[in-house]
Amino acid sequence: MNVITSFKKKKQEKQMLYERKMLRELSLERLKTQAIEHFSPLYRIYRAFSSVIEEGCIDIAIEAYLLGANYSRFGYYGEPAEFVKRRCAQEEKYLIDALFDFLCFWGNIGDGLEDESLYLACEHYIAYWWMEGFEKGKKRRRLKLH
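Per chain, residues are indexed from 1 in the order of the written sequence. Note on the predicted model: pLDDT of at least 70 is required for a residue's local features to be given, and 80 or more for side-chain atom pairs to be given and counted; whole-chain, interface and lining totals, by contrast, use all residues. No hydrogens and no water enter the side-chain calculation; it runs on all heavy atoms of the structure.

**Looking at the packing of helix α1 (residues 7–23) against helix α3 (residues 51–70)**
Okay, step 1: Only the contacting stretch of a helix is used when fitting its axis, a line to C-alpha atoms as for every element, and angles between N-to-C directions run 0 to 180 degrees. Comment: elements are numbered from the N terminus, with helices defined as DSSP H or I runs of at least four residues and strands as E runs of at least two. Orientation of α1 relative to α3, taken along the N-to-C sense of each, is 115 degrees, at an axis distance of 10 Å. Classified by the interaxial angle, the pair formed by α1 and α3 is roughly perpendicular. The interaxial crossing formed by α1 with α3 has right-handed handedness. Every residue of α3 that contacts α1 at Q15, Y18, E19, M22 and L23 is listed here: I62, Y65, L66, A69 and N70. Relative orientations are named as follows: roughly parallel for angles under 35 degrees, roughly antiparallel for angles over 145 degrees, roughly perpendicular for angles from 65 to 115 degrees, and oblique for any other angle. Crossings are sorted by hand: turned counterclockwise from the far helix by less than a right angle, the near helix makes the crossing left-handed, and turned clockwise it makes it right-handed. Throughout, a contact is declared for two residues whenever any of their heavy atoms are within 4.5 Å.

**Some points on the packing of helix α2 (residues 28–39) against α3**
Okay, step 1: One way to put it is that α2 packs onto α3 with a least axis distance of 9 Å and a crossing angle of 115 degrees. One way to sum up the angle between α2 and α3 is to call them roughly perpendicular. When you trace α2 past α3, the crossing you get is right-handed. Facing L28, L31, K32, A35, I36 and F39 of α2, the residues of α3 in contact are E54, C57, I58, A61 and I62.
Okay, step 2: A breakdown of the residues in the contact of α2 with α3 according to their chemical character gives 9 nonpolar, no polar and 2 charged. Three classes are used: nonpolar for Ala, Val, Leu, Ile, Met, Phe, Trp, Tyr, Cys and Pro, charged for Asp, Glu, Lys and Arg, and polar for all others, with Gly counted as polar.

**Points about a nonpolar patch on the surface**
Okay, step 1: Each patch is built from salt-bridge-free residues with over 30% relative accessible area, joining like charges within 9 Å and nonpolar side chains (Val, Leu, Ile, Met, Phe, Trp, Tyr) within 5 Å. Methods summary: accessible areas were calculated by the Shrake-Rupley approach with a probe of 1.4 Å, and residue burial reflects only the protein chains presented. Salt bridge, as used here, is a side-chain nitrogen of Lys or Arg placed within 4 Å of a carboxyl oxygen of Asp or Glu. Together, V52, F105 and W106 make up a nonpolar patch on the protein surface, roughly 310 Å² of accessible area in all.
Okay, step 2: Its location among the elements puts F105 in helix α6 (residues 89–107).

**Section: the pattern of salt bridges**
Opposite charge on two side chains permits pairing when their charged atoms draw close.
Okay, step 1: Within this structure, the stated rule accounts for 5 salt bridges.
Okay, step 2: R87 serves as the salt-bridge partner of E79, at 3.1 Å between the closest nitrogen and oxygen.
Okay, step 3: Only protein chains enter the calculation, and the probe is 1.4 Å; a residue is then buried if its accessible area is under 20% of its type maximum, exposed if over 50%, and partly exposed in between. The partly exposed category is assigned to E79, whose relative accessible area is 21%.
Okay, step 4: The exposure class of R87 is partly exposed, given its relative accessible area of 44%.
Okay, step 5: Between D97 and K93 there is a salt bridge; the shortest N-O distance is 3.2 Å. Placement of the pair is D97 and K93 together in helix α6, with a separation of 4 residues, close to one helical turn.
Okay, step 6: With relative accessibility at 43%, the residue K93 sits in the partly exposed group.

This is the structure:
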């Protein structure tokens, strides 16, 4: 008797395996330092960078990293990063908005100039981690490690 598996389940397993391989190249220390570097100037009210905010930033950074890694196959086949980024603009916008909402909620940021600078910092942070994942994924594909 043969076991019947669906293509959807097989694709999901393959995706999970690829994400695990990609996450091996990512260090938690680097994630923490980048979160502090990007957002600590915006939160002068805290004596130390709040662990809740830090963990939220790390979670979103991992999602952006994996998003870039998943779209790196287009870069491997010769498409420039700017064009690839347009392909996933909706997902990237979702991550930016989620991070911005999260930081506004925990940081008690009001309307005004602080909002705009925080949103720009979120955009830069997501773009940084997306590009990291994109480059690492492209490198893994070139080395046939995917």
